[in-house]
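Next come the chains, spelled out residue by residue.
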Amino acid sequence: MTKATPLLEVRDLCVAVGDKPVLNSISLKVAPGELHVLLGPNGSGKSSLLAAIMGLPPWRITSGTILLDGTPIDEMSLFERAQLGIGMAFQRPPSLEGVSLNSFAKSIDAHSDLDQAAERLNLTAFLQRDLNVGFSGGEIKRWEVLKLILQDPHLALFDEPESGVDLEHVKAIGTAIQQFMARPDKTGRQRAGLVITHTGLILAHVDASHAHILQSGELVHSGPPTELFQHVQSHGYSVPLAS
Ligand SMILES: Nc1ncnc2c1ncn2[C@@H]1O[C@H](COP(=O)(O)OP(=O)(O)OP(=O)(O)O)[C@@H](O)[C@H]1O
Ligand SMILES: [Mg+2]
């Protein structure tokens, strides 16, 4: 029997910023319908991995490859990758003065979905406001998740969507991500996703199938999300898990 092509495959990936190596020989596969979790201490390379998949500068692939639905994307620009259906909710998104949530949604042709999606994330009162201008930390995170949902990506990358968010809104964000992942994309295909978390709170609200621990730019362990997170909670990152 032939195995289905992973939606995302990262193969022996090494990434540098300038001359500084930040990721070393990372391999992982995410199948259609799967949401994987990335754990790891500050500076271990989690955001760098998402940035390398998205194609953001200044991250540079030095060896290895990234495949989307079996096609290498390493040579593709950020714009081409976004057009293929890769999208990212940033850890620290910028403010955009002069661009309201409403006008942003119109510009990506997602205006018809905006009201309902905004209501779910308690952002209805924000639609006329400029993106992230004067938003609180938790409001920025909610908008960032809403923005990615409106973009309707095939592969969704969430960088710490619940950091600094109160517990009720963690539930709203988690539920929104879960409903979004369960819904096929505009081409009728199942999505896949990667989500970075430090708190693990999001795990109570999403069906994550795998987790991976990054340390010093290397993927040191993969396993069931709850088991890995509980280990980290009890022992930190310095005590390795038995394989
Ligand atoms: N533009 C850059 N210039 C220099 N070093 C960088 C740059 N971007 C990332 N790095 C370095 O790469 C390493 C990995 O950073 P990254 O942001 O991927 O970590 P992280 O695991 O997401 O951490 P956190 O949990 O704090 O968000 C860090 O040592 C960081 O300082
Ligand atoms: Mg990060």
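Bear in mind that the values here come from a model prediction, so they are computed numbers and not experimental data. (Residues numbered from 1 in each chain as written. Chains lettered and ligands numbered in written order. Predicted model: local features only at pLDDT ≥ 70, side-chain atom pairs only at ≥ 80, totals over all residues.)

(A) Examining the sheet that holds strand β9 (residues 155–159) more closely. An order of β6-β9-β10-β3-β11-β12 is seen for the six strands of this open sheet, with the pairing classed as mixed. Because the sheet does not close on itself, it has two edges, and the strands there are β6 (86–89) and β12 (218–223). In this sheet, neighbouring strand axes are inclined to one another by 20° on average, regardless of whether the strands run parallel or antiparallel. Sheet analysis places β9 next to strand β10 (residues 192–196), joined by five bridges and oriented parallel. From the neighbouring strand, F158 faces β10, where its bridge partner is V195. Those strands touched by helix α1 (residues 46–54) are β3 (35–39), β6, β9, β10 and β11 (210–215), and its axis lies near 150° from that of β9. (Pairing = 2+ DSSP bridges. Helix = DSSP H or I, 4+ residues; strand = E, 2+ residues; numbered from the N terminus. Axes fitted to C-alpha atoms, helices over the stretch in contact; angles between N-to-C directions. Contact = placed C-beta atoms within 7 Å.)

(B) Quick look at the site of ligand 1. Surveying the vicinity of ligand 1 reveals 13 residues, the closest of which are N42, G43, K46, S47 and S48. When residues of the shell around ligand 1 are traced back to their parent elements, those giving at least two are β2 (20–30) and α1. Residue contributions to the shell around ligand 1 peak at three residues, all from α1. (Near = placed C-beta within 6 Å.)

(C) How the structure looks around the pairing of β2. Across seven bridges, strand β1 (residues 8–17) lies against β2 in antiparallel orientation. Pairing of L13 across the sheet is with I26, part of β2. The hairpin turn running from β1 into β2, its antiparallel successor, is two residues long, and G18 in that turn takes a positive phi close to 60°.

(D) The sheet that holds β1, seen in detail. Pairing in this open sheet of four strands is antiparallel, and the strands run β2-β1-β4-β5 from one edge to the other. In this open sheet, the two strands that pair with only one neighbour each are β2 and β5 (71–72).

(E) Main features of unusual backbone geometry. Here P57 and P58 are connected by a cis peptide whose omega angle stands at 5°. Note that P58 resides in the loop between α1 and β4 (59–68). A positive phi is found at D12, a non-glycine position, where the angle reads about 50°. Not every positive phi belongs to a glycine, and D109 is a case in point at roughly 65°. By the secondary structure assignment, D109 is in the loop between α3 (101–107) and α4 (111–120). Since 10 C-beta atoms lie within 10 Å of it, D109 is described here as exposed. (Buried ≥ 20, exposed ≤ 12 C-beta atoms within 10 Å, placed from the backbone.)

(F) View of the packing of α4 against helix α5 (residues 137–151). Running from N to C, α4 and α5 point in directions that differ by 145°, and their axes come no closer than 10 Å. Judged by the sense of rotation from one axis to the other, the crossing of α4 with α5 is right-handed. Contacts between α4 and α5 involve D113, L114, A117 and A118 on the former and, on the latter, L146, I149 and L150. When the residues that make up the contact of α4 with α5 are grouped by side-chain class, the tally is six nonpolar, no polar and one charged. (Left-handed = near helix turned anticlockwise from the far one by under 90°. Nonpolar A, V, L, I, M, F, W, Y, C, P; charged D, E, K, R; others polar.)

(G) View of the pairing of β9. For β9, a buried count of five out of five residues is recorded, marking the element as mostly surrounded by other parts of the structure. Neither face of β9 is left uncovered, since the one carrying L155, L157 and D159 and the one carrying A156 and F158 both have all their residues buried. Two elements, β6 and β9, share four bridges in a ladder whose sense is parallel. Following the sheet pairing, G87 is matched in β9 by A156. Between β9 and its parallel partner β10, the chain crosses via helix α6 (residues 167–182), and the hand of that crossover is right-handed. (Right-handed = clockwise from strand over helix to strand, strands pointing away.)

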